[in-house]
Amino acid sequence: EKANELLQHLLTECAAPYANMLQSWLKCGKVHDPYGEFMIEVTNKTFRENHVTIKLQGMEWTDWCREKEEHVLRSLHDSNEDMLLPSGIDALGVDRSRATSHMSALHKAHSTGKFWRAIHCCRDGTAASVEERRKKRESSEEDAKVLLNPRKLSRFIDRAYHEASDTLLHMLLNEYGLLSSLRFMKKYFLLDQGDFFVDFLDGTEDELHKELPNVLQGRVQNWLSTSIARTSESSHLASALRCTFQNKSLRDTLDDLGRRNPRKSSHKKGGGHRQKVLAGFEAIAFEFKSVPFPTSLVLSHSQLRIYQLIFRLIFFAKYVERQLVGMWSDHQLLKAMTSLRSACSPTFSLRRRMLHFIQNFVYYMKFDVIEPNWRELESKLNATKEYCSNKQSTNNGKSNNMPNGQFPRTVDDLLHEHNQFLLRISNQCLLPNYDLIERASKIMTTCLLFSTQIKRFMETTKVHELQEKTRLERSKLRYSEKKSKNGEQELEFRANREESTRRCSDRILRELSTETYRHMITRFDEVFSAHLAEFMKNLNSDFGQKSNAHLTNLSMQLDYNGFVTSSIHEKEY
């Protein structure tokens, strides 16, 4: 017995320094490890000193500290293994955050110290209270005994983890308005509301249509600030939002990401090609000068990169839709000239097909993908917010009902849920599927070139000048002071208008009948049909259907009456 007592005493004394470091890390996120013997190493001096600086805000959550495998307790290695997330999460760089249920005791211990350190940073570096330090000294011997019992150690880590997580979760959702920040991201990065998009493009469309070297970026930034001020409630993120222009197109950016992950890169590796000069609307993206802490824990660089990619895809699609709708508006002037309807029919038909594709593609991304996934995330975060408030009230002696259902109950659960949201919408918006996004980009580029050519054609017809002239003459006639001759002036006005319309109609008809114009429309129709056929083939492939059930919705919307499919079969046979 004396030998056992002596051995137990020696083990306890030997474990005391490590137990003190573990207890300090789990209770206040600090560790005094002069000889580098503890399993956690704080890798950043700024983070070690609890200072919230621009450098700290720009750091990834995983960069704050690291585990040292050689100093990890064996009992912590014996805990449950981590369950890996789907491999697709690496394709676009989404964080590999784990839900709490898939975390080992080691990773819980790792996260607990980071939580406390983040809490101290939010509280301007306030360290543990005097009472906490007194309790830590009194319990050092007991902690050493806990260290020697794997089951007690696991429970001790679990209690400390949930205590730190509850505190930080309450601060994120209630004190720092994380849900409001995510709503801001949805509105401006996922283009949730059309008022901002319309106001922004009304002021910048001419500038964004220029080639990138000629774009006045300061003018675009000023209009972005103005549009946000007109369409946004006060937000701490609004003042930090910046407009930037990328040097690579969305396709090339996704291509680079695909090459980093060979399993996801299904396209052929061809030789280098000369990169074209991008237009402003192809290169534009949003970013933040700095994301305020602790919101930056959720909106880190990797998450913002996904938001940027989705923004560029939706912005480009909506920009093309805007150009096609403008073309539709111009065509209403030609429809008034009955003699042109037959000659304009191929042009109207092609424009209608293009508009059908782009509108359904935008609808799919916004209402079949983003909106339902956002509603699910929002409801879970609201439940988490209620859970935090009720738990806080319970700790204060009040009795409240806890919300039911599945929702994040820890910070890691929240990070995991947000990452899964980004993963789902990026996958369902086709971003990891290079072949589909390449075909969609080619279709949208074809639509844009077609709208540009028709716009130039409409300028040569001078039909807008005729409409403006008619409007001014009508206005003069309406406010004419010669009431007695109003009837004669009305007849004269109608005769002049009919004659002007006839001459304009004849001039346009001659242009429409030229071989050059007919060849242009035929060529655009062939190119658009070819790209659409390839897109539909990839969309309806076995890989596409198995990887994402939402692609079935997109396929049905684009080919609701089987016209595209039948056209493909006719060309093949």
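Just so you know, the residues in each chain are numbered from 1, in the order the chain's sequence is written. In keeping with the predicted nature of the model, local features appear solely for residues at pLDDT of at least 70, side-chain atom pairs appear and are counted solely at 80 or more, and the whole-chain, interface and lining totals rest on all residues. Only heavy atoms go into the side-chain values, all of them from the structure, while hydrogens and water stay out.

Here the focus is the overall build of the chain. What counts as a helix is a DSSP run of H or I of at least four residues, what counts as a strand is a run of E of at least two, and both are numbered from the N terminus. When helices and strands are tallied, the chain shows 23 helices and 4 strands. For each residue, the accessible area found with a 1.4 Å probe, counting protein chains only, is set against the maximum for its type, and the residue is called buried under 20%, exposed over 50%, and partly exposed in between. Taking all 573 residues of the chain together, the buried fraction comes to 49%. Should any heavy atoms of two residues lie within 4.5 Å, those residues are counted as being in contact. A sequence separation of at least 24 residues applies to 79% of the contacts in the chain between residues at least 6 apart. Exposure was quantified through the Shrake-Rupley algorithm and a 1.4 Å probe, taking into account, for residues, occlusion by the shown protein chains and nothing else. Working note: accessible area of the chain is about 29700 Å², and carbon and sulfur atoms make up 49% of it.

This part covers the packing of helix α20 (residues 515-539) against helix α22 (residues 550-558). Each pair of packed helices can be described by the angle between their axes along with the distance between the axes. Convention adopted: a line fitted to C-alpha atoms gives each axis, helices being fitted over their contacting stretch, and angles between N-to-C directions are expressed from 0 to 180 degrees. Contact geometry of α20 with α22 gives a least axis separation of 10 Å together with a crossing angle of 145°. Read as a crossing pair, α20 and α22 show a hand that is left-handed. The segment α20 lies against α22, with F535, M536 and L539 engaging L551, L554, S555 and L558. For this scheme, ten residues count as nonpolar: Ala, Val, Leu, Ile, Met, Phe, Trp, Tyr, Cys and Pro. Four count as charged, namely Asp, Glu, Lys and Arg, and the remainder, Gly too, count as polar. Split into classes, the residues belonging to the contact of α20 with α22 amount to 6 nonpolar, 1 polar and no charged. By convention the crossing between two helices is left-handed if the near helix lies anticlockwise of the far one by an angle smaller than a right angle, and right-handed if it lies clockwise.

Glancing now at the pairing of strand β3 (residues 241-245). Along any regular strand the residues' side chains alternate between the sheet's two faces. In terms of burial, β3 is largely enclosed, as 4 of its 5 residues are buried. Two strands are said to pair when DSSP picks up at least two bridges between them. In the sheet, β3 pairs with strand β4 (residues 284-288) via 5 bridges, with the strands oriented antiparallel. By the bridge assignment, T244 is partnered in β4 with A285.

Another point: the pattern of salt bridges. Throughout this description, the term salt bridge denotes a Lys or Arg side-chain nitrogen within 4 Å of a carboxyl oxygen of Asp or Glu. Going through the model one piece at a time under the given rule, you end up with 20 salt bridges. The residue D525 makes a salt bridge to R353 at a minimum N-O spacing of 3.2 Å. In this pair, D525 is assigned in helix α20 and R353 in helix α15 (residues 341-395), connecting sequence segments 172 residues apart. Owing to a relative accessible area of 28%, D525 belongs among the partly exposed residues under this scheme. The salt bridge partner of R375 is E378, with a shortest N-O separation of 3.1 Å. Residue R375 and its partner E378 are located together in helix α15, separated by 3 residues, close to a single helical turn. According to the relative accessible area criterion, E378 is buried, its value standing at 12%.

Running from N to C, helix α14 (residues 301-335) and helix α16 (residues 411-428) cross one another at 25°; their axes reach a closest spacing of 11 Å. Classed by the angle they form, the pair α14 and α16 counts as roughly parallel. Between α14 and α16 lies a crossing of left-handed hand. Here Q303, I306, Y307 and I310 of α14 lie close against α16, whose contacting residues are H418, N419, F421, L422, I425 and S426. Tallied by class, the residues present in the contact of α14 with α16 amount to 6 nonpolar, 4 polar and no charged. Working rule for angles: under 35 degrees goes down as roughly parallel, over 145 as roughly antiparallel, 65 to 115 as roughly perpendicular, anything else as oblique.

We now examine the confidence of the model for the chain. Confidence per residue, as judged by the predictor, is encoded in pLDDT with a range of 0 to 100. In this model, the chain carries a mean pLDDT of 79, and residues with pLDDT of at least 70 account for 73%. Contacts for the low-pLDDT stretch residues 80-90, under 50 throughout, to residues beyond four places or in other chains number 26 contacts. Confidence drops under pLDDT 50 across residues 262-272; counting only partners more than four residues distant or on other chains, this segment forms 12 contacts.

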